[in-house]
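So the chains spell out like this:
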Amino acid sequence: MKIDIKPIQQCTTKQIAKQWDIVAKSRDNQIRSGLDISYDKVLTPIILQLAQGKSFQRVLDVGCGSGVLSERIARHTQTVVGVDPSHESIALAKASNLRPINTEYVSESIENFSKRYEEELFDIAIANMVLQDASDLAAVLNSVGEVLRRGGALVCTITHPCFWPTYWGYGRYEWFEYGKEIAIDAPLRISSVAEPVGRTTHFHRPLSQYMSILRDTGFQIDSLVEPFPSRAIQCLYPEPWTIPRFLALRAYRK
């Protein structure tokens, strides 16, 4: 696919939050309507699978967006706290008719949240398609670790560092270099809808960088999965998958 994608020098958390403010309502509509096939059929199932069987009562949803995943997780636990720097996304989460009574939403970065948080530590942190949008990955993971109990789990999904550049086509661009961290400005679109809802920034990082930062911030990886949809689910996409598009992992705080 030919997509207007370009590298940029840098993008702060505040700037990224403003980008998501712009697309928040459209993204909420896409997810809640089922238009985002990957969110519904690939990402949410692998998140729930990796969290399954773990004893947890308090869940932190990092980068919760408009709260769709928080709502689903709330059925299985005592308390869910969703944190996101996008004010518009949090406003949608709070206003949702499906919001369970055991959910709480906070509009701020995880870094700021962890600095002032003084309540009971969380048993598990969920980060669904968030870490590739973090301008300072180490700071985000350090902050998650500060509010996660020792032995608590981090379950996350990201764009696959090895295959996402190929899927989106920028892996062959002159400016792309797999081994380097690159801030990338790109249209936000999903497979089933050709028209993007806006533009957002994500960060390409080699897989080794993710692994080393997780280790350095006190996490030990327990499970690494490349989720791949079944043939029946692939029929829902305009084109079948030929490579993994996402990577999921579970890690424990040491």
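Rules used in this analysis
- Residues numbered from 1 in each chain as written.
- Predicted model: local features only at pLDDT ≥ 70, side-chain atom pairs only at ≥ 80, totals over all residues.
- Heavy atoms only, no water.
- Buried < 20%, exposed > 50% of the residue type's maximum accessible area, 1.4 Å probe, protein only.
- Helix = DSSP H or I, 4+ residues; strand = E, 2+ residues; numbered from the N terminus.
- Pairing = 2+ DSSP bridges.
- Right-handed = clockwise from strand over helix to strand, strands pointing away.
- Salt bridge = Lys/Arg side-chain N within 4 Å of Asp/Glu carboxyl O.

S.K.: So what about the pairing of strand β2 (residues 58-62)? Which residues, and what values?
M.R.: The buried count for β2 comes to five of five residues, which makes it a mostly enclosed element. Burial along β2 is two-sided: Arg-58, Leu-60 and Val-62 and Val-59 and Asp-61, pointing in opposite directions, are all buried. Bridging between β2 and strand β3 (residues 79-83) involves five bridges; their strand directions are parallel. Note that in β3 the partner of Val-59 across the bridge is Val-80. A crossover connection joins β2 to the parallel β3 through helix α3 (residues 68-73); in handedness this β-α-β unit is right-handed. With three bridges connecting them, β2 and strand β5 (residues 122-128) associate as parallel partners.

S.K.: Can you lay out the pattern of salt bridges for me, pointing to particular residues and giving the numbers?
M.R.: Per the counting criterion, the structure on display carries 13 salt bridges. Here Asp-4 ties to Arg-199 by a salt bridge, and the two come within 3.4 Å at their closest N and O atoms. Of the two residues, Asp-4 sits in the segment before β1 (6-8) while Arg-199 sits in strand β8 (residues 193-204), which places them 195 residues apart along the sequence. Here Arg-199 falls in the partly exposed class, since its relative accessible area comes to 30%. Each of Asp-4, Asp-185 and Arg-199 takes part in one network of salt bridges that share partners.

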